[in-house]
Amino acid sequence: MPRLHALELLPDVAGDESVRRDWQALRDAGLPSQLDHRGTTNGPHLTLVAAPVLGPADDERALALLAPLLPVEVRVAGVALLGGSRVTVARLVDVPDALARAVLDLRRDVADVQHPGWLPHVTLGRRIPRSEAPAALAVLGHADVVLRLDTLRRWDPDAGVVGTLAGPGPARPD
């Protein structure tokens with residue numbers, strides 16, 4: 001399977017810390033956590049689109065559709081278990097209609113999108129044995145959190161480059 005390029009929204013500092021608390025809670029319980037992912041680009045994010053190839057036209061379209069919406073507040077609510085015998089634990093994200101429309105418009109024109117539709121979520125832990133899912137749910141709790149998403153970034157795994165397209169993050173490399 002090819003490595004997937006991605007366009008993502010990142011939370012501000014307070015939102016980043018909120019998600020990292022969930023990551024830490026899973027780790028403290030001895031469960032797989034996104035804290036275990038040692039990649040330099042690993043951080044709390046909301047994936048908008050992932051595909052084997054994203055080009056400059058996709059970046060420009062993302063900027064046109066999404067930059068005017070930033071910053072945007074979303075509600076992180078509920079927990080989802082995705083997968084089979086090993087699951088990904090994620091918090092589901094309620095997004096404003098304008099953001100949902102913009103993301104679906106963006107995805108419509110991207111070739112070979114990884115998944116049809118869009119399920120907004122923030123990943124907390126991957127490859128958790130299904131038998132451990134109740135423990136994960138117990139440590140994560142049930143409180144809803146409002147995140148302020150303020151940065152649009154682009155991940156290029158082929159070049160190993162993460163660049164900010166819009167928002168207060170570091171500028172995208174040329």
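Residues numbered from 1 in each chain as written. Predicted model: local features only at pLDDT ≥ 70, side-chain atom pairs only at ≥ 80, totals over all residues. Heavy atoms only, no water.

1. Re the overall build of the chain
Link 1 in the chain: Scanning the chain for helices and strands turns up four helices and seven strands.
Link 2 in the chain: From first element to last, N terminus to C terminus, the chain shows the α and β order β-α-β-α-β-β-α-β-α-β-β.
Link 3 in the chain: The C-alpha radius of gyration computed for the chain amounts to 16 Å, which stays within 12% of the reference 16 Å derived for 174 residues, consistent with globular compactness.
Link 4 in the chain: Over its C-alpha atoms, taken along the principal directions, the chain stretches across nearly 45 × 35 × 30 Å.
Link 5 in the chain: Looking at the chain as a whole, 43% of its 174 residues are labelled buried.
Link 6 in the chain: In the chain, of all internal contacts separated by at least 6 residues, the share reaching a separation of at least 24 is 73%.
Link 7 in the chain: About 9000 Å² of surface is accessible on the chain, with carbon and sulfur atoms providing 53% of the total. (Helix = DSSP H or I, 4+ residues; strand = E, 2+ residues; numbered from the N terminus. Rg over C-alpha atoms; globule rule 2.2 N^0.38 Å. Buried < 20%, exposed > 50% of the residue type's maximum accessible area, 1.4 Å probe, protein only. Contact = heavy atoms within 4.5 Å. Areas by Shrake-Rupley, 256 points an atom, 1.4 Å probe, with all protein chains shown as cover.)

2. Remarks on the layout of surface pockets
Link 1 in the chain: Of the volumes computed, that of the largest pocket is approximately 980 Å³.
Link 2 in the chain: Lining the largest pocket are 34 residues, with His 45, Thr 47, Ala 50, Gln 114 and Arg 126 positioned closest to its centre.
Link 3 in the chain: Sorting the residues of the lining of the largest pocket by element identifies strand E1 (5-11), strand E2 (46-51), strand E3 (72-83), strand E5 (121-129) and strand E6 (145-156) as the ones contributing at least two each.
Link 4 in the chain: Residues of the lining of the largest pocket, tallied by class, amount to 15 nonpolar, 14 polar and five charged. (1 Å grid on protein atoms, 1.4 Å probe; cavity = no way out; pocket = protein on both sides within 12 Å on 5 of 7 lines; lining within 4 Å. Points joined across faces, edges and corners; volume = space filled by probe spheres on them. Nonpolar A, V, L, I, M, F, W, Y, C, P; charged D, E, K, R; others polar.)

3. A look at empty space enclosed by the protein
Link 1 in the chain: The tally for this structure, following the rule as stated, stands at one cavity of 30 Å³ or more.
Link 2 in the chain: The space that makes up the largest cavity amounts to roughly 50 Å³.
Link 3 in the chain: Listing elements by their share of the lining of the largest cavity, those giving two or more residues are E1 and E6.
Link 4 in the chain: In the lining of the largest cavity, the residues fall into ten nonpolar, one polar and no charged.

4. Here's the deal with the confidence of the model for the chain
Link 1 in the chain: Of all residues in the chain, 95% attain a pLDDT of 70 or more, and the chain-wide mean is 91.
Link 2 in the chain: The secondary structure element of the chain with the lowest average pLDDT is strand E7 (residues 161-166), at 91, and the one with the highest is helix H3 (residues 97-108), at 97. (pLDDT = per-residue confidence, 0-100.)

5. Quick look at the nonpolar core
Link 1 in the chain: One finds Leu 9, Leu 66, Leu 99, Leu 124 and Leu 152 to be the most contacted residues of the largest nonpolar core, which totals 37 residues.
Link 2 in the chain: Contact partners of Leu 66, with chain neighbours within four places excluded, come to Leu 48, Leu 99, Ala 102, Val 103, Leu 106 and Leu 152. (Core = buried A, V, L, I, M, F, W, Y, C linked by side-chain atoms within 4.5 Å.)

6. Topic: helix H4 (residues 133-140)
Link 1 in the chain: Listed as buried for H4 are Ala 133, Ala 136 and Leu 140. Buried residues of H4 fall within an arc of 60° about the axis and therefore sit on the same side. For H4, the exposed residues set more than 90 degrees away from the buried face come down to Pro 134 and Ala 138.
Link 2 in the chain: One or two steps after H4, the chain reaches Gly 141, where phi turns positive at roughly 75°. (Arc of directions from axis to C-beta.)

7. A look at the pattern of salt bridges
Link 1 in the chain: Counted by the stated rule, this structure contains eleven salt bridges.
Link 2 in the chain: Put simply, Arg 153 and Glu 8 hold a salt bridge, and the shortest N to O gap is 2.4 Å. With Arg 153 in strand E6 and Glu 8 in strand E1, this pair connects stretches of sequence that are 145 residues apart. Pair check on accessibility: Arg 153 and Glu 8 agree, each one buried.
Link 3 in the chain: Asp 150 is paired through a salt bridge with Arg 148; the nearest N and O atoms lie 4.0 Å apart.
Link 4 in the chain: Judged by its relative accessible area of 12%, Asp 150 falls in the buried class.
Link 5 in the chain: Of the residues examined, Arg 148 reaches a relative accessible area of 36% and is grouped as partly exposed.
Link 6 in the chain: Shared partners join several salt bridges into a network, and the residues in it are Arg 61, Asp 105, Arg 108 and Asp 109. (Salt bridge = Lys/Arg side-chain N within 4 Å of Asp/Glu carboxyl O.)

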